[in-house]
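Reading the structure
What follows is each chain in one-letter form.
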Number of protein chains: 2
Amino acid sequence: MTASPLATPRTDLGQLGTDPVFMLIRAGAVGRARGNEVLRKMGLKTRDYSIISTAATREITQKELADFLMLNPSQVVSLVDDLETRGLVKRTTSPHDRRAKIVVPTAKGEKVFAEARERLTQTHEVLFAPLSTQERETLLRILPQLAFPADLAV
Amino acid sequence: MTASPLATPRTDLGQLGTDPVFMLIRAGAVGRARGNEVLRKMGLKTRDYSIISTAATREITQKELADFLMLNPSQVVSLVDDLETRGLVKRTTSPHDRRAKIVVPTAKGEKVFAEARERLTQTHEVLFAPLSTQERETLLRILPQLAFPADLAV
DNA sequence: TATTGTTATACTCTATAACTATA
DNA sequence: TATAGTTATAGAGTATAACAATA
């Protein structure tokens, strides 16, 4: 058999191997790849999941989704269009601001969300298997500070 | 003034706010955005930096770069083409395998790398400012395991 | 006047297939 | 036969500008 492409870097990572941002990006890419893989048979991508998941647990407008998920507003439009066509979410006009559209999951969307969430949680077991319980706790405490920096936007 | 788009999520993150992979992706995106911002005046992106940085500290072929950076081989071709045109790297044929091209930084490339590295290190000071010394150490110990999983490729 | 969502459009990034030269 | 690099091309993702409705 041929060696894993990841085996070599593991022994000699070079300068980037000490760059925390590079590793955050790569770790995220690994996780996203696994997520897309496991969601594919549901016809979803992690991007879709991020919309449904947020809409299912928070009242949120498209503008807020764009900020939260670091997407362009026009991207949110087409993502929500697609999810709406598939009957997973619907748009409702905000009672406080008739310009804003609140994205709400349908009953079907809730089911899909629950299943997708379950599948993704299983991938986490694998992804974070190398970490001790304490390391996982530390990571969960650290990440929000890096993912949502207090100082202004990105 | 208007509130930061990141202020709201900070108070109520919804379900994704507890998803470690989502936060890895977002933290990486925040870091990359800051990196691109600070490298822009050098005419570089973090993608270019990742090539130069690795070539400057390791003997590496284009194929290995593709695996290490999770890029398509054809992407590496055009990235290296561009860097070579700008006189920052050159290609040399591997003495062990005449198919393989080793990417080597030029003297100019070394200088650019050193300056870029300095600039990026400064952004890290800001990005990781919220973390204690111990948290930073833990993070640096954890990340390689997530970024370079032992089990096969992505 | 400014903002949300929308549309159209351009731009960048990524993936696929076919080719060459080497192995 | 298989692999590294290359090329051409298609597809997916992202960014920009203009507009209508609303604030």
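Everything quoted here is computed from the prediction, not taken from an experiment.

Moving on, we get to the overall build of chain A. Assigned secondary structure in chain A consists of seven helices and two strands. Helices and strands appear in chain A in the N-to-C order α-α-α-α-α-β-β-α-α. Along the three orthogonal principal directions, the C-alpha set of chain A runs to about 55 × 40 × 30 Å. Per-residue burial over chain A gives 48% buried out of 154 residues. Excluding contacts between residues fewer than 6 apart, the proportion of contacts in chain A whose partners are at least 24 apart in sequence is 47%. Surface exposure of chain A reaches about 7700 Å², of which carbon and sulfur atoms provide 53%. With 22 positive and 18 negative side-chain charges, chain A shows a spacing of 4 Å between the two charge centroids.

We now examine the interface of chain B and chain A. Every contact between the two is made by 64 residues of chain B and, on the other side, 64 residues of chain A. Summed over both sides, the interface between chain B and chain A buries roughly 6600 Å², with carbon and sulfur atoms accounting for 70% of that surface. Inspection of the chain B/chain A interface yields two salt bridges. Between E135(A) and R141(B) there is a salt bridge whose closest N-O contact spans 3.1 Å. Summed over the shared surface of chain B and chain A, the result is 14 residue pairs in polar contact (both at pLDDT 80 or more). For the side of chain B that touches chain A, the elements supplying multiple residues, two or more each, are α1 (7–11), α2 (20–39), α3 (46–57), α4 (62–68), α6 (107–127) and α7 (133–147) of chain B. Element by element, the count of residues in the side of chain B that touches chain A is highest for α2(B), at 15 residues. Taken together, the residues of the side of chain B that touches chain A break down into 38 nonpolar, 14 polar and twelve charged.

With an RMSD of 0.0 Å, chain B superimposes on chain A once it is rotated by 180 degrees and translated 0.0 Å along the axis. Here the two chains are linked by the operation of a two-fold rotation axis. The overlap is high: 100% of the interface residues of chain B also sit at the interface in chain A, so the same surface is used on both sides.

The subject of this paragraph is the side chain of Q15(A). Inspection of the secondary structure assignment puts Q15(A) in the loop between α1 (7–11) and α2 (20–39). Owing to a relative accessible area of 10%, Q15(A) belongs among the buried residues under this scheme. A polar atom in the side chain of Q15(A) sits 3.0 Å from the side chain of Y49(B). Excluding residues within four positions of it along the chain, Q15(A) makes contact with Y49(B), S53(B), T57(B), F113(B) and R117(B).

Our focus in this paragraph is the pattern of salt bridges. Counted under the stated rule, the structure contains 14 salt bridges over all chains. A salt bridge links D67(B) to K63(B); its shortest N-O distance comes to 3.0 Å. Remark: K63(B) and D67(B) occur in helix α4; sequence separation between them is four residues, near one turn of the helix. Using a relative accessible area of 52% as the deciding quantity, one classes K63(B) as exposed. Through salt bridges with shared partners, one network takes in D81(A), E84(A) and R91(A).

So, about the side chain of T46(A). Of note, T46(A) is situated in helix α3 (residues 46–57). Discounting chain neighbours no more than four positions away, the residues touching T46(A) are R32(A), G35(A), N36(A) and L39(A).

Here we take up the confidence of the model for chain A. Looking at chain A, pLDDT values average 92 and 91% of them are 70 or higher. Confidence drops under a pLDDT of 50 for residues 1–9 of chain A, and excluding neighbours within four residues, the segment shows 14 contacts in the predicted structure.

The rules behind the values
Just so you know, the residues in each chain are numbered from 1, in the order the chain's sequence is written. Written order determines the labels here, with chains lettered from A and ligands numbered from 1. Totals for whole chains, interfaces and linings use all residues, but because this is a predicted model, local features are given only for residues with pLDDT of at least 70 and pairs of side-chain atoms are given and counted only at 80 or more. Heavy atoms throughout the structure, all of them, feed into the side-chain values; hydrogens and water do not. Helix numbers and strand numbers start at the N terminus; a helix is a DSSP run of H or I with at least 4 residues, a strand a run of E with at least 2. We call a residue buried when its accessible area falls under 20% of the maximum for its residue type, exposed when it is over 50%, and partly exposed in between, using a 1.4 Å probe and counting protein chains only. In what follows, a contact means two residues having at least one pair of non-hydrogen atoms within 4.5 Å. Each accessible area value is a Shrake-Rupley result obtained with a 1.4 Å probe; residue values ignore everything except the protein chains displayed when judging cover. Two residue types count as positive, namely Lys and Arg, and two as negative, namely Asp and Glu; His and chain ends fall outside the count. For charged residues, the charge sits on one atom: NZ in Lys, CZ in Arg, CG in Asp, CD in Glu. A quick way to say it: buried area is the sum, across both parts, of accessible area lost when two parts are put together, with a 1.4 Å probe. By definition, a salt bridge exists where a carboxyl oxygen of Asp or Glu is found within 4 Å of a side-chain nitrogen of Lys or Arg. Distance and chemistry together define a polar contact, namely a pair of N or O atoms within 3.5 Å, with one atom able to donate a hydrogen and the other to accept it when in protein, and with adjacent residues in sequence counting only for side-chain atoms on both sides. Put simply, Ala, Val, Leu, Ile, Met, Phe, Trp, Tyr, Cys and Pro go in the nonpolar bin, Asp, Glu, Lys and Arg in the charged bin, and everything else, Gly too, in the polar bin. Alignment of copies: least-squares fit on C-alpha atoms of residues with pLDDT of at least 70 in both copies. Predictor confidence is given residue by residue as pLDDT, running from a minimum of 0 to a maximum of 100.

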